[in-house]
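# Examination of the molecular architecture
As a plain string of letters, each chain reads:
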Amino acid sequence: MNFTQEVSAWLSENGYGELESSQSVGGGCINQTLEIHTSHKERFFLKYHGSPPVGMFSVEARSLDILREAKGVRVPVVIANAEHYLLLEWVEPHERAPDYWTRFGEGLAKQHQSVAPEFGFGFATYCGTTLQPNDNYTDGYVFFAQQRLLFQGQLAYDSGKLDSGSMWRLEALCRKLPELVPQQPPSLLHGDLWSGNAHQDENGAPVLIDPACYYGWREAELGMTMLFGGFGDEFYAAYDAAYPLEEGWRDRVDIYNLYHLLNHLNLFGGGYSGQVQRILGAYT
């Protein structure tokens, strides 16, 4: 049974009717995506992968459910998931409402006020197709060093994308984290919050997709929003008004984004090497 037959069978067995048609939805660089229609006039969003990492869609489904419980920014309802696919409610896209960025900032601030006793998540997730370990730590500096920077750095070193000197500088930066980053509680993070994972629903309100969740530093989430641009000034103003940030947080953005740049280096190759080296050079 191929995945289309598998999804069709699940829909029929669970009262959604027969799969009548599907059409490609653009935007994904890792998974394939479809808008599907059933004989009961239902519409769903389907993302699938021919050979996904083990458990990728099941942990994404769990992450979406946890984000929804925080009642911050809207996330799609999970309908079903299996080894090769994730089936979500269809969210009809619309142009952004005039208060889109304000609502986004306020919603993310509310999400970040959902905190845990420890950093981590209790189970590993994925950032892209890269495993994202989330072992629990009481110390945020150790968590970010071990589970984020050094984990990615070791992957890059093992594949020849980082040399030994770069690893030495990365380890030196990790030792300096307590001097560079203020104490922050473990907030519920989307984990991969760039503009491509922020959409809008039928009312023009924000919707989050493709999470890489964990409990971590909220400044790291805001740093990611700045990595590839696309977030309006009203977003940051609304966030800060709802959940004030420590002074100078923008000065720390490169430290947080080093994790994502290392991940992009591992996923997509040497085009990100220059940015990684620039940050390492600035702090070591």
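First, a word on scope: everything that follows refers to the structure included in this document.

The rules behind the values
Residues numbered from 1 in each chain as written. Predicted model: local features only at pLDDT ≥ 70, side-chain atom pairs only at ≥ 80, totals over all residues. Heavy atoms only, no water. Helix = DSSP H or I, 4+ residues; strand = E, 2+ residues; numbered from the N terminus. Buried < 20%, exposed > 50% of the residue type's maximum accessible area, 1.4 Å probe, protein only. Pairing = 2+ DSSP bridges. Polar contact = N/O pair within 3.5 Å; in protein donor to acceptor, adjacent residues only side chain to side chain. Phe/Tyr/Trp six-rings, centres within 6.5 Å; stacked < 30°, edge-to-face > 60°. Lys NZ or Arg CZ within 6 Å of the ring centre and 35° of its normal. Arc of directions from axis to C-beta. Contact = heavy atoms within 4.5 Å. Axes fitted to C-alpha atoms, helices over the stretch in contact; angles between N-to-C directions. Core = buried A, V, L, I, M, F, W, Y, C linked by side-chain atoms within 4.5 Å.

### Description of unusual backbone geometry
Within the chain, Lys41 stands out as a residue other than glycine whose phi angle is a positive 65°. Relative to the helices and strands, Lys41 resides in the loop between strand 2 (32-38) and strand 3 (43-48). Taking the relative accessible area as the measure of exposure, Lys41 reaches 73% and is therefore exposed. A positive phi angle, near 55°, is found at Lys71, a position not held by glycine.

### Re the pairing of strand 2
Most of strand 2 is tucked away: five of the seven residues are buried. Two elements, strand 1 (residues 19-24) and strand 2, share five bridges in a ladder whose sense is antiparallel. When the bridges of strand 2 are listed, Ser24 appears paired with Leu34. With six bridges connecting them, strand 2 and strand 3 associate as antiparallel partners. Within strand 3, the position partnered with Ile36 by the bridge is Phe44. Hairpin geometry of strand 2 and strand 3 is characterised by an intervening segment of four residues between the two adjacent antiparallel strands and by a positive phi of about 65° at Lys41.

### Quick look at the side chain of Gln152
Residue placement: Gln152 occurs in helix 4 (residues 140-158). Exposure remark for Gln152: the relative accessible area of 0% places this residue in the buried category. A polar side-chain atom of Gln152 sits 3.2 Å from a polar atom in the side chain of Asn263. Within the structure, the side chain of Gln152 is placed 2.7 Å from the side chain of Asn266, a separation counted as a polar contact.

### Considerations on the packing of aromatic side chains
To describe a pair of aromatic rings, one takes the distance between the centres and the angle between the planes. Tallied over the entire structure, the rule returns 23 aromatic pairs. By way of ring pairs, the aromatic residues Tyr100, Trp101, Phe104, Phe231, Phe235, Tyr236 and Trp249 are connected into one cluster. Here the guanidinium or amino end of Arg148 rests over the ring plane of Tyr259, the centre of that ring lying 5.4 Å away. Above the plane of the ring of Tyr236 lies Arg250, whose end atom (NZ or CZ) is 5.0 Å from the centre.

### Comments concerning helix 7 (residues 233-242)
Burial in helix 7 covers these residues: Phe235, Tyr236, Ala238 and Tyr239. The buried residues of helix 7 all sit within an arc of 165° when viewed along its axis, so they share a single face. Pointing more than 90 degrees away from the buried face of helix 7 are the exposed residues Asp233, Ala237 and Ala241. In the core, the buried residues of helix 7 are packed alongside helix 3 (100-112) and helix 6 (218-227).

### Examining the sheet that holds strand 2
Taken in spatial order, the five strands make up an open sheet running 1-2-3-5-4, and their pairing is antiparallel. Since the sheet does not close on itself, it has two edges, and those belong to strand 1 and strand 4 (78-81), each with one partner. When the angles between neighbouring strand axes are averaged without regard to direction, this sheet yields 25°. Most of the contacts of helix 1 (residues 3-13) go to strand 5 (residues 85-89), to which it runs at about 45°, and overall it touches strand 1, strand 2, strand 3, strand 4 and strand 5.

### Here we look at the nonpolar core
Counting 73 residues, the largest nonpolar core has Phe104, Leu149 and Leu258 as its most contacted members. A per-element tally of this core places helix 8 (residues 253-268) first, with eight residues. Apart from the residues within four sequence positions on either side, Leu258 is in contact with Leu149, Leu170, Leu173, Val276, Ile279 and Leu280. With 11 residues, the next largest nonpolar core counts Ile36, Leu46, Tyr48 and Tyr85 among its residues.

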